[in-house]
Amino acid sequence: MAGLDVVALVTDQPPSPLPAVPGRARHRTPLLTHATAAGLTGRERLTGVSLRHRDGRTTTLPCDTVVFTGDWIPDHELARRGGATRDPGTRGPAYDASYRTRATGVFAVGNLLHAVESAGTAAAEGRAVAAPVLRHLAADPWPTGRPALAVDAPLEWIAPNLVALDGSRPLHDRFTLRTGRRLLRPFLVVGQDGHLLHRERLLLPAGPNRSFRLRCDWLDRVDPHGGTVRITVH
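Residues numbered from 1 in each chain as written. Predicted model: local features only at pLDDT ≥ 70, side-chain atom pairs only at ≥ 80, totals over all residues. Heavy atoms only, no water.

(A) Here's a closer look at the overall build of the chain. Counting its secondary structure elements, the chain contains three helices and 12 strands. Each of the three principal axes of the chain carries a C-alpha extent, and together these read 65 × 40 × 35 Å. In the chain, which comprises 234 residues, the share counted as buried stands at 34%. Sequence-distant contacts in the chain: of pairs separated by 6 or more residues, those separated by 24 or more amount to 52%. Of the accessible surface of the chain, which amounts to about 14300 Å², a share of 53% is contributed by carbon and sulfur atoms. (Helix = DSSP H or I, 4+ residues; strand = E, 2+ residues; numbered from the N terminus. Buried < 20%, exposed > 50% of the residue type's maximum accessible area, 1.4 Å probe, protein only. Contact = heavy atoms within 4.5 Å. Areas by Shrake-Rupley, 256 points an atom, 1.4 Å probe, with all protein chains shown as cover.)

So, in structure tokens, the structure goes:
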């Protein structure tokens, strides 16, 4: 924001385990982790923000401007008003690997679906949805009865979150997931109605507010008439 000097960024998340880039530390805005905004100080105008730290300490950060942000929310206004079934994890419309929602003839891509990804990802989804749209316009039947995909804590969501029963695969043959806390080389287990479908150890850590991927080569083992497919961390 023009004309403002940022004195700190505040988050309740733990510090990042990634090392700092050499030579940049003196130019970085201070990042205060394990802290939450507990109150605003000042009378006629703002003079500071009271912070509560995880260890119980309270401090006041002098400032005259505060910008609040939160978890990314999908741009789902039209889908919500249109009555589209939404996924409880992403809070965007439920959809399959061909970007088909549960509403006949309604496709969804980009930041409508889940927490924001890169512009390149949104563009790739826009290109990928063209073929399913053309098939639909050529009288390809709209699928029904697709099993849902869901996650257990600490995972927060998975996308796509409906199983396409026509063999469609997610973008780059990978599902996208988010976690609510840092996971060190997580071991992911995919199951349906008590049956093991897939196990996968990720080679890198996964952390909050960053997407990570899950292979999709187990989709042909999903029972099309079965219950929800669940992804858990072990």
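(B) Up close: the pairing of strand E11 (residues 212-215). Along E11, the buried face is formed by Phe212 and Leu214; none of Arg213 and Arg215, which line the opposite face, is buried. As judged from the four bridges shared by strand E8 (residues 174-179) and E11, these two strands associate in the antiparallel manner. Within E11, the position partnered with Leu177 by the bridge is Phe212. (Pairing = 2+ DSSP bridges.)

(C) Looking closely at the sheet that holds E11. Across the sheet, which stays open at both edges, the three strands sit in the order E7-E8-E11 with antiparallel pairing between neighbours. Each edge of the open sheet carries a strand with a single partner, namely strand E7 (155-159) and E11. This sheet shows a mean twist of 30° between the axes of neighbouring strands, independent of strand direction. (Axes fitted to C-alpha atoms, helices over the stretch in contact; angles between N-to-C directions.)

(D) Seen up close, the sheet that holds strand E3 (residues 35-41). With antiparallel pairing, three strands are arranged side by side in an open sheet as E3-E4-E5. This sheet does not close on itself; its edge strands, each paired only once, are E3 and strand E5 (58-62). Across the sheet, the mean angle from the axis of one strand to that of its neighbour is 30°, orientation sign disregarded. Relative to strand E4 (residues 48-53), E3 is paired through six bridges, and the arrangement is antiparallel. Considered in E4, the bridge of Thr36 is made with Arg52.

(E) Inspection of unusual backbone geometry at higher detail. The omega angle of the peptide bond from Ala153 to Pro154 is 15°, so this bond is cis rather than trans. Note that Pro154 resides in the loop between strand E6 (149-151) and E7. Note that the residue after Ala159, namely Pro160, is joined by a cis bond; omega there is -10°. When you line up the elements, Pro160 lands in the loop between E7 and E8. The residue Asp173 is not glycine, and still its phi comes out positive at about 60°. Examined against the element boundaries, Asp173 turns out to sit in the loop between E7 and E8. Of note in the backbone geometry, Asn209 takes a positive phi value of approximately 65° without being a glycine. Structurally, Asn209 is set in the loop between strand E10 (195-201) and E11.

(F) Summary view of the packing of helix H2 (residues 119-128) against helix H3 (residues 130-137). Two numbers describe how H2 lies on H3: the axes approach to 4 Å, and their chain directions differ by 25°. Our classification of the angle between H2 and H3 gives roughly parallel. Where H2 approaches H3, its residues Gly126, Arg127 and Ala128 are matched on the opposing element by Ala130, Ala131 and Pro132. (Parallel < 35°, antiparallel > 145°, perpendicular 65-115°, else oblique.)

(G) Expanded view of the layout of surface pockets. In this structure, the second largest pocket spans a volume of roughly 200 Å³. Lining the second largest pocket are 16 residues, with Glu125, Leu171, Arg174, Thr176 and Arg213 sitting closest to its centre. Grouping the constituent residues of the lining of the second largest pocket by class yields seven nonpolar, four polar and five charged. (1 Å grid on protein atoms, 1.4 Å probe; cavity = no way out; pocket = protein on both sides within 12 Å on 5 of 7 lines; lining within 4 Å. Points joined across faces, edges and corners; volume = space filled by probe spheres on them. Nonpolar A, V, L, I, M, F, W, Y, C, P; charged D, E, K, R; others polar.)

(H) Examining the pattern of salt bridges more closely. This structure, assessed with the given rule, holds 10 salt bridges. Between Arg45 and Asp64 there is a salt bridge whose closest N-O contact spans 3.8 Å. Highlighted residues: Arg45 in the loop between E3 and E4 and Asp64 in the loop between E5 and helix H1 (77-81), separated in sequence by 19 residues. Assessed through its relative accessible area of 46%, Asp64 is described here as partly exposed. When the shortest N-O distance is used, the salt bridge between Glu117 and Arg213 registers 3.8 Å. (Salt bridge = Lys/Arg side-chain N within 4 Å of Asp/Glu carboxyl O.)

(I) Quick peek at empty space enclosed by the protein. Inspection of every chain in the model, using the stated rule, returns two cavities of 30 Å³ or more. If you add up the space inside the largest cavity, you get close to 50 Å³. Forming the walls of the largest cavity are Ala97, Leu162, Val163, Ala164, Ser168, Pro170, Phe175 and Leu219. Looking at the lining of the largest cavity, its residues break down into seven nonpolar, one polar and no charged. Empty space within the second largest cavity amounts to approximately 40 Å³. Lining the second largest cavity we find Arg100, Pro132, Arg135, His136, Asp140, Pro141 and Trp142. Grouping the constituent residues of the lining of the second largest cavity by class yields three nonpolar, one polar and three charged.

Taken by themselves, the reported measurements are silent on function.
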